[in-house]
Amino acid sequence: MSDPLGWGAGGSRRPGVVRRALPTAVAFLVVLCGLAYLRGDLQELIGTAPGSPRSAAATHPLYRGTGLIDARCDTLPDNSEADVRRTLNALSRCLDRMWATTLKEAGVGYEPPGEVRLVADPGEAACGIDDYDWAGIYCPDRRVVNVLVEEDRSFPMMFTLAHEYAHHVQEIGGMAGERGSEVFDEAWSRRLELQADCLAAVTLRTVEPRVLENQRLLAEGESDAVDDQAEGYRRSHGSGTSSAAWITRGESGGTMAACNTWSAPPDEVS
Ligand SMILES: [Zn+2]
């Protein structure tokens with residue numbers, strides 16, 4: 001009987017093919033396992049580990065391709081505390097303009113967040129997560145910025161809004177190294193968060209410098225807290241001292257390059 005698909009003939013050849021290919025396949029597997037095992041050491045050796053100035057995250061084109069960020073917001077109400085939501089909405093539009101202008105310099109298209117939610121209760125956030133202990137949160141999936149509006153002190157909320165916007169920029173600019181070979185651990189998280197603090201300071205530095213003064217005081221106060229929750233926050237977001245230092249860098253540098261936490265030594269992102 002004819003065998004139009006050729007299975008019969010192919011089947012009789014297969015054992016020979018397997019025998020010949022097996023040593024190569026085993027050797028390949030051994031090499032792969034070895035690479036996986038030595039990954040951390042190799043990254044340091046070839047400079048792709050976070051903290052190495054040669055890593056993909058540290059050499060992102062946005063640092064070289066963008067200049068001083070024009071941090072102005074003329075539409076901000078004179079009294080930022082009179083109507084916090086109005087203040088935050090005005091700031092949000094200014095942040096869109098600043099980031100669109102800056103990313104354009106590097107040829108990167110900017111899209112505003114999918115939504116900016118000013119929520120009165122953490123349960124109203126768009127992320128659908130069970131973590132209710134936050135002042136602001138960014139949902140990368142739907143690109144939603146959420147800010148908890150809970151009191152009439154606008155400065156902390158202005159900083160939070162600028163910080164979550166920075167996460168949005170990290171996301172659309174691909175600055176977090178998520179598509180590279182970085183390791184996603186607590187050290188990675190601290191670099192991400194401290195960069196967002198720094199970029200927030202860049203965008204607020206001439207809009208309202210008192211926001212940054214206030215934020216540094218809050219950050220330094222956090223450094224004194226000793227409970228488990230504070231410790232967990234420090235491990236994922238960096239210490240208050242580190243946060244205050246990156247806010248100062250962003251404020252005085254005024255550029256994305258000033259906020260390259262991915263090239264900083266570990267003690268600056270602790
Ligand atoms: Zn954050």
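All values reported here derive from a predicted model rather than from experimental measurement.

Asks: Would you take a moment to explain the overall build of the protein for this structure?
Replies: On a plain count of helices and strands, the protein comes out with nine helices and three strands. Going from N to C terminus, the protein has its helices and strands arranged as α-α-α-α-β-β-β-α-α-α-α-α. Looking at the protein alone, contacts between residues at least 24 apart form 71% of all its contacts between residues at least 6 apart.

Asks: Sorry if this is basic, but what is going on with the pairing of strand E3 (residues 144–148) here?
Replies: Sheet faces and side chains relate simply in a regular strand, where the side chains alternate between the two faces. Across the five residues that make up E3, a large majority, five, are buried. Both faces of E3 are covered, namely the face carrying Val144, Asn146 and Leu148 and the face carrying Val145 and Val147. Where strand E1 (residues 115–119) lies against E3, five bridges are found, and the strand directions are parallel. For arginine 117, the partnering residue across the bridge sits in E3 and is asparagine 146. Sheet topology note: the strand E2 (residues 136–139)/E3 ladder contains four bridges and is antiparallel. By the bridge assignment, isoleucine 137 is partnered in E3 with asparagine 146. What sits between E2 and E3 in their antiparallel hairpin is a turn of four residues, with arginine 143 showing a positive phi close to 55 degrees.

Asks: How do you make sense of the coordination of the zinc ion when you look at a structure like this?
Replies: The reference angle at a metal is 109.5 degrees if four donors form a tetrahedron and 90 or 180 degrees if six donors form an octahedron. The protein atoms that coordinate the zinc ion are His163 (NE2), His167 (NE2) and Glu193 (OE), at distances of 2.0 to 2.1 Å. Along the chain, the residues that donate to the zinc ion are spaced as H-x3-H-x25-E. Separated by four residues within a single helix, histidine 163 and histidine 167 lie in helix H5 (residues 154–173), roughly one turn from each other. Take histidine 163: its relative accessible area is 9%, and that puts it in the buried class.

Asks: What am I meant to see in the packing of aromatic side chains here?
Replies: Aromatic rings in a pair are described by how distant their centres are and how their planes are angled relative to each other. This model, assessed by the stated rule, comprises one aromatic pair. The interplanar angle of 55 degrees and the centroid separation of 6.2 Å between the aromatic rings of tryptophan 188 and tryptophan 262 together place this pair among those described as tilted. In this pair, tryptophan 188 sits in helix H6 (residues 186–204) while tryptophan 262 sits in the segment after helix H9 (240–253), placing the two residues 74 residues apart along the sequence. Per residue, the accessibility class of tryptophan 188 equals that of tryptophan 262, and both read buried. It is arginine 249 that lies over the ring of tryptophan 246; its NZ or CZ is 4.0 Å from the centre.

Asks: Which parts of the structure should I look at to understand helix H8 (residues 228–237)?
Replies: What sets the pattern is the α-helix's 3.6 residues per turn: residues three or four places apart point alike. When H8 is considered as a whole, its buried residues turn out to be Ala230, Arg234 and Ser236. Against H6 and helix H7 (209–222) lie the buried residues of H8. A distance of 3.3 Å separates the backbone nitrogen of glutamine 229 from a side-chain oxygen at the start of H8, and that oxygen is part of aspartate 227.

Asks: Please clarify how the state of the cysteines should be interpreted in this entry.
Replies: Joining two cysteines, a disulfide is a covalent bond between their sulfur atoms. Within this structure, the stated rule accounts for three disulfides. Disulfide pairing is shown between cysteine 73 and cysteine 94; the S-S distance is 2.0 Å. On the sign convention where negative means left-handed, the S-S torsion of about 75 degrees between cysteine 73 and cysteine 94 marks this disulfide as right-handed. Taken together, the positions of cysteine 73 in the loop between helix H3 (61–65) and helix H4 (84–105) and cysteine 94 in helix H4 put the pair 21 residues apart, joining distant regions of the chain. Cysteine 198 shares a disulfide with cysteine 259; S-S distance 2.0 Å. Since a negative S-S torsion denotes a left-handed disulfide, the cysteine 198-cysteine 259 link at about -75 degrees is left-handed. Remark: cysteine 259 occurs in the segment after H9 and cysteine 198 occurs in helix H6; sequence separation between them is 61 residues. Each member of the pair, cysteine 198 as well as cysteine 259, is classed as buried.

Asks: Before we go on, may I ask you to explain the nonpolar core in this structure?
Replies: The nonpolar side chains of soluble globular proteins are, as a tendency, buried together. Among the nonpolar cores identified, the biggest contains 55 residues, and Leu88, Trp99 and Met256 are the most heavily contacted of them. Only H3, H4, E3, H5, H6, H7 and H9 provide two or more residues apiece to this core. Each residue touching methionine 256, except ones within four places of it in the same chain, is listed here: Leu62, Tyr63, Thr66, Ile69, Trp99, Thr102, Leu103, Val169, Met175 and Leu199. Formed by five residues, the second largest nonpolar core is a distinct cluster that contains Val119, Ala125, Trp134 and Leu148.

Asks: Can you walk me through H9 in this structure?
Replies: The end-to-end C-alpha distance of H9, which contains 14 residues, comes to 20 Å, matching closely the 20 Å that a straight helix rising 1.5 Å per residue would cover. For H9, the set of buried residues is Gly240, Ser242, Ser243, Ala244, Trp246, Ile247 and Gly250. Looking at the buried side of H9, the elements it contacts are H5, H6 and H7. The positive-phi residue at the C-terminal boundary of H9 is glycine 254, with phi of around 75 degrees.

Rules used in this analysis
Residues numbered from 1 in each chain as written. Predicted model: local features only at pLDDT ≥ 70, side-chain atom pairs only at ≥ 80, totals over all residues. Heavy atoms only, no water. Helix = DSSP H or I, 4+ residues; strand = E, 2+ residues; numbered from the N terminus. Contact = heavy atoms within 4.5 Å. Buried < 20%, exposed > 50% of the residue type's maximum accessible area, 1.4 Å probe, protein only. Pairing = 2+ DSSP bridges. Donors = N, O, S within 2.8 Å, 3.2 Å for Na, K, Ca; no water. Phe/Tyr/Trp six-rings, centres within 6.5 Å; stacked < 30°, edge-to-face > 60°. Lys NZ or Arg CZ within 6 Å of the ring centre and 35° of its normal. Polar contact = N/O pair within 3.5 Å; in protein donor to acceptor, adjacent residues only side chain to side chain. Disulfide = S-S within 2.5 Å. Core = buried A, V, L, I, M, F, W, Y, C linked by side-chain atoms within 4.5 Å. Expected span 1.5 Å × (residues − 1).

Geometric values such as these leave the question of function open.
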